[in-house]
Each structure stands twice: as structure tokens, then as C-alpha cells.
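A structural walkthrough
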Amino acid sequence: MADRLPLPLRLYRRLSAALTPLTPLLIRRRLVRGKEIAERVSERRGIATVARPHGPLIWIHGASVGEVLAAAGLIERLRAMNMRILLTSGTATSAAIVARRFPPDIIHQFIPLDTPRYVARFLDHWQPSLALFIESDLWPNLILASAARRLPMMVINGRMSPRSFPRWQRASATIAALLGRFDICLAQSPADAERFAALGSPNVVTTGNLKLDVLPPPADDAKLERLMALTRGRPVWVAASTHHGEEELLLEAHRALQAQFPQLLTVIVPRHPDRGEAVACMVAASGLQVALRSRDEMPGAGTAVYVADTIGELGLFYRLAPVVFMGGSLVEHGGQNPIEAIKLGAAILHGPHVTNFIDVYEALDRAGGAIKVDSAEMLARDVARLFVDAAARQSAVKAADGVVTGLGGALERTLAVLEPYLLQLRIEKDAANA
């Protein structure tokens, strides 16, 4: 098979094999930066930390938090069919989310570094029966080795951004050699489907975006009650999943709002919790009183900005505030997923940079289910309007809920495509138990 691979893939395989002795240096550097969990670094070398369960095993892989959570509904349905699940991801944050929000029988492992030796070790141990890759986290050695073992593979919730597409077009033979190893690609939208087909996916089906079918994130009742007691009578809004360069604009909006709402509390939830300290320092340097959740600090009467730099608590803050600004959209990141906030009844604002969820935001904006703002001044103006005008706020919430409901259904369509594969696994399971 290697002789038929495009030259870039042959070179990649050789180079990744040659660089394997250097991977401890990479892992050590990631440990120092807090991007690995010390007791689980062996998983990066393909060494499993738990035993493989008996019988068929469905392997689901997602790059990080967003992809893992997108698969939550699918995982729940597969569990209801008594399927065993191996869930892999590549970030420490996603591992923490799995531990917090998924049932204990879901096996989580870190995806191995993409070297032939580590990939072979991973596949030798787990011997998955079916592999589902979420969106587009495609590692060449992992895909080629899985295909060589005749492992059925699918891309699910497939996404190919307008930014990534032209880059892959310049490496068309390489991406075609990888996508051609997949049985089916299930795309989020017709535009994604067209891009996957143009890049060499032999069998593409548009099933929709699984993120539209996610359940609302949970919240600890006692923690929510305490926060509501501490903030009662104060106008509260949340800036969720914010990115570097965005918090300065949020502080501008806070100051503008504070003139009209002196008791205002702005909650900033950084997309990457390890930025919490830096964000809090920036807020303090601006002269505003700040509290940091990772230090177990709570917002007091004088707290202007609460930096919620913990993992898995967005459900708590979405329930606390009637108005939510979705981060990653005032800077050129591409925007974050608004679905969970919508399902918890928040009115949504976002910036102009929303390419990551363009179809969703365009539908929301058309229906009046979200408000686009281009500056801190516009953000402050529209947050103030939503605070004051309860009817406008409820109208936006109702419109957003209608859009999300109308765009849903990806889970059922995905399961329909999976059904022949699941039937085969059930046959294998019955045979193994006979």
C-alpha cells in the first residue's frame, strides 16, 4: 500500500517514524505547559491504561471539547444499544469534560502521537470494530494503519471550513488518499458535503450538525442557588468561550454598560481556562474589581467582573444570566457554538467572525434569534436593550429556539446511516456470547 501513496504521505510516514525517539521531549514540553496529564502520558505512546472490554468496540475520536460534546447524544444512544465505547481526544480539557459529563463505562484514552509505532500499539490493544472520526481531525498514520487492518471508518459530523478547503486543494492527492480510506463521510451541511466530495470522499451524505441535537449542559443545583443568591437584584451577562484579544473589548463594553447599570456583573468564561489568571490580572489592571473562580472566589457586592476559569461549568452560568455573548467572534477565531446557551433560554449576541458555525448563525440572524455586533460600543448598546426590554429578549429566545429545533435531526440521520454497521456488531456480539 505504501508504494501507492502520494509522495507527501510516504515522506510523512518515514519522518514520523524517524522522529519517534524525540517524542519524550515533546511530551515533556506539553507537561510543563499543562497540556498533558502526567499519569496518562503513556497513552500518547499508545500504551493503554485500562483493559479492552470483551466483544465489539466502537471507537469515537474527536479533537477536543467541542467535538467530544457533539458526540454526547450519539454515545448515549449507542450505550442504550449495549455497545461498548472507546472515546479518544487530544486535549487535557476534553479529558476533564469526559470525566465530568460522561458515564463511567465510557472508556476515555488520549489519542496516540501519530507515529507508526505508537499507532500500531494503540490498534493492537484496542482492536476496534468500527471507527467514527468527528468533524475533520485526520491523522495520516492513524488512518492508513486502520485502513490496512480493514477497520470500517466513517467521518461523522464532517466539517470542512472555507479556510481549510483551499489549503487541502493544494494537497489534493494527499487528502484524497486519506479520505478515500473512509467508508462514508457524513457532512454537516451541503457546502461541507461538496467540499469533502471535491477532495476525494467517495461516499458523502449530508446528515446535519450533531451539535444542534446536544442536551443542555448540566449544572450543580447547590452552586447555582448560591450564585443566584449572591447576584440577586444585579444585572448579569455572560461572555462565553472568549479568546485572547477579546476580553479588552468586553471590558470596554462593561464600562459603557456600568454608566446605566451601576450594579452590573460581567462574567467572562475564557475558552481556555489556563488563561484565567492573565484575564483576571488584566481586569484588575484596568481598575475594576475582579474575582477568579479557580481560586474559589465568589462575586461579592463590589465585584465588577467574575472570571469563571473552570472546566465544565458553562451550564451554571448560562442558567445565571439572561444574556450571553458568544466569544471567538469579535476576533478572527471563527466563533463558538451558541446551541447550549440557546437551549438554556439565553438571548444571544455574537461578533462578525462566525465561520465555524456560519450556517447556524446566518439562520439565527435571519430569524432574529441572535444579534450581530461589530464593536464594543454596539455590544454594550444591545446588551442594555436586552436588559431593559424583556419582550425583545423573549422574542429573540423564542426565535432562536425555533431555529435550533428546525435545524435539528442530525442524530437520527446519523444513526440511520450507522444502522447496517451496528447490526453487524450486534451479530458479532451475539456470536461471541453464544
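Structural notes, computed from the coordinates.

Comments concerning helix α11 (residues 221–231)
Within α11 the residues assigned to the buried category are L224, L227 and T231. The buried residues of α11 occupy an angular sector of 65° when the element is viewed end-on, so they sit on one face. In α11, the exposed positions angled more than 90 degrees off the buried face are occupied by D221, A222, E225 and R226. In this fold, the buried residues of α11 make contact with β8 (236–242), β9 (265–270), β11 (305–307) and α14 (314–320). Its side-chain oxygen placed 3.0 Å from the backbone nitrogen of A222, D220 serves as the N-cap of α11. Downstream of α11 by a residue or two, G233 has a phi angle that is positive, lying close to 90°.

Things to note about the nonpolar core
In this structure, V238, V267, F317, V324, M326, I348 and L364 are the most contacted members of the largest nonpolar core, which totals 35 residues. Within the residue set of this core, elements represented by two or more residues are α11, β8, β9, α14, β12 (323–326), α15 (339–343), α16 (358–367) and α18 (390–407). Apart from residues no more than four positions distant in its own chain, M326 is found in contact with A240, Y318, Q336, N337, P338, A341, I348, L349, H350 and Y361.

Describing the pattern of salt bridges
Taken as a whole and assessed by the stated rule, the structure comprises 17 salt bridges. R40 is the salt-bridge partner of E43, the closest N and O atoms lying 2.8 Å from each other. Taken individually, E43 and R40 each receive the classification buried, so the pair is uniform in this respect. For D105, the salt bridge is made with R79, and the minimal N-O distance between the two is 3.0 Å. Here D105 is found in the loop between α5 (92–101) and β3 (107–110), whereas its partner R79 is found in helix α4 (residues 72–80), with 26 residues between them in sequence. We classify D105 as partly exposed; its relative accessible area is 29%. The network of salt bridges with shared partners includes R30, E36 and R44.

Observations concerning the packing of aromatic side chains
For the structure shown, the criterion picks out five aromatic pairs. Measuring from centroid to centroid gives 5.3 Å for F261 and F387, while their planes differ by 80°, and the two rings are edge-to-face. Residue F261 is located in the loop between α12 (247–258) and β9, and its partner F387 is located in helix α17 (residues 376–388); the two are separated by 126 residues in the primary sequence. Residue classification places F261 among the buried residues on the basis of a relative accessible area of 14%. On the basis of relative accessibility, which here comes to 16%, the residue F387 falls in the buried class. Here the aromatic rings of Y306 and F317 are separated by 6.2 Å at their centres, their planes lie at 65°, and the arrangement is edge-to-face. Of the two residues, Y306 is situated in strand β11 and F317 in helix α14; the sequence distance between them amounts to eleven residues.

Concerning the packing of α12 against helix α13 (residues 276–285)
Where α12 contacts α13, the two axes come as close as 11 Å, and the packing angle between them is 40°. With respect to α13, the axis of α12 lies oblique. The interaxial crossing formed by α12 with α13 has right-handed handedness. Facing E247, E248 and L251 of α12, the residues of α13 in contact are V279, M282 and V283. Grouping the amino acids of the contact of α12 with α13 by side-chain chemistry returns four nonpolar, no polar and two charged.

Quick word on the environment of A51
Relative to the elements of secondary structure, A51 occurs in the loop between α2 (23–32) and β1 (57–61). On a C-alpha basis, the gap between A51 and V388 in space is 56 Å, while along the polypeptide they are 337 residues apart. With residues near it in sequence (within four places) discarded, A51 still touches I107, H125 and W126.

Digging into the sheet that holds β11
Pairing between the strands of a sheet is mediated by backbone hydrogen bonds and can be parallel or antiparallel. With respect to topology, seven strands assemble into an open sheet ordered β10-β11-β9-β8-β12-β13-β14, the strand pairing being parallel. Strand pairing shows two members of the sheet lacking a second neighbour, β10 (290–292) and β14 (370–372), which therefore form its edges. Averaged over all pairs of adjacent strands, the angle between strand axes in this sheet comes to 20°, irrespective of strand direction. Pairing analysis gives three bridges linking strand β13 (residues 347–350) to β14, with the strands arranged parallel. Residue pairing across strands places L349 opposite I371, the latter belonging to β14. Across the face of the sheet, α12 comes into contact with β8, β9, β11 and β12 while running at roughly 170° to β8.

Remarks on the layout of surface pockets
There is about 380 Å³ of room inside the second largest pocket. Elements with a minimum of two residues in the lining of the second largest pocket: α10 (190–198) and α16. It is α16 that provides the largest number of residues to the lining of the second largest pocket, a total of six residues. Split by residue class, the lining of the second largest pocket holds ten nonpolar, seven polar and six charged.

What about the pairing of strand β2 (residues 84–89)?
Within β2, five of the six residues are buried, which leaves it mostly tucked inside the rest of the structure. Looking at chain direction, β1 and β2 are connected through five bridges and run parallel. Among the inter-strand pairings, I58 is bridged to a residue of β2, identified as I85. Pairing geometry for β2 and β3, over four bridges, is parallel. From the neighbouring strand, T88 faces β3, where its bridge partner is Q109.

Definitions and cut-offs
- Residues numbered from 1 in each chain as written.
- Predicted model: local features only at pLDDT ≥ 70, side-chain atom pairs only at ≥ 80, totals over all residues.
- Heavy atoms only, no water.
- Buried < 20%, exposed > 50% of the residue type's maximum accessible area, 1.4 Å probe, protein only.
- Helix = DSSP H or I, 4+ residues; strand = E, 2+ residues; numbered from the N terminus.
- Arc of directions from axis to C-beta.
- Contact = heavy atoms within 4.5 Å.
- Polar contact = N/O pair within 3.5 Å; in protein donor to acceptor, adjacent residues only side chain to side chain.
- Core = buried A, V, L, I, M, F, W, Y, C linked by side-chain atoms within 4.5 Å.
- Salt bridge = Lys/Arg side-chain N within 4 Å of Asp/Glu carboxyl O.
- Phe/Tyr/Trp six-rings, centres within 6.5 Å; stacked < 30°, edge-to-face > 60°.
- Axes fitted to C-alpha atoms, helices over the stretch in contact; angles between N-to-C directions.
- Parallel < 35°, antiparallel > 145°, perpendicular 65-115°, else oblique.
- Left-handed = near helix turned anticlockwise from the far one by under 90°.
- Nonpolar A, V, L, I, M, F, W, Y, C, P; charged D, E, K, R; others polar.
- Pairing = 2+ DSSP bridges.
- 1 Å grid on protein atoms, 1.4 Å probe; cavity = no way out; pocket = protein on both sides within 12 Å on 5 of 7 lines; lining within 4 Å.
- Points joined across faces, edges and corners; volume = space filled by probe spheres on them.

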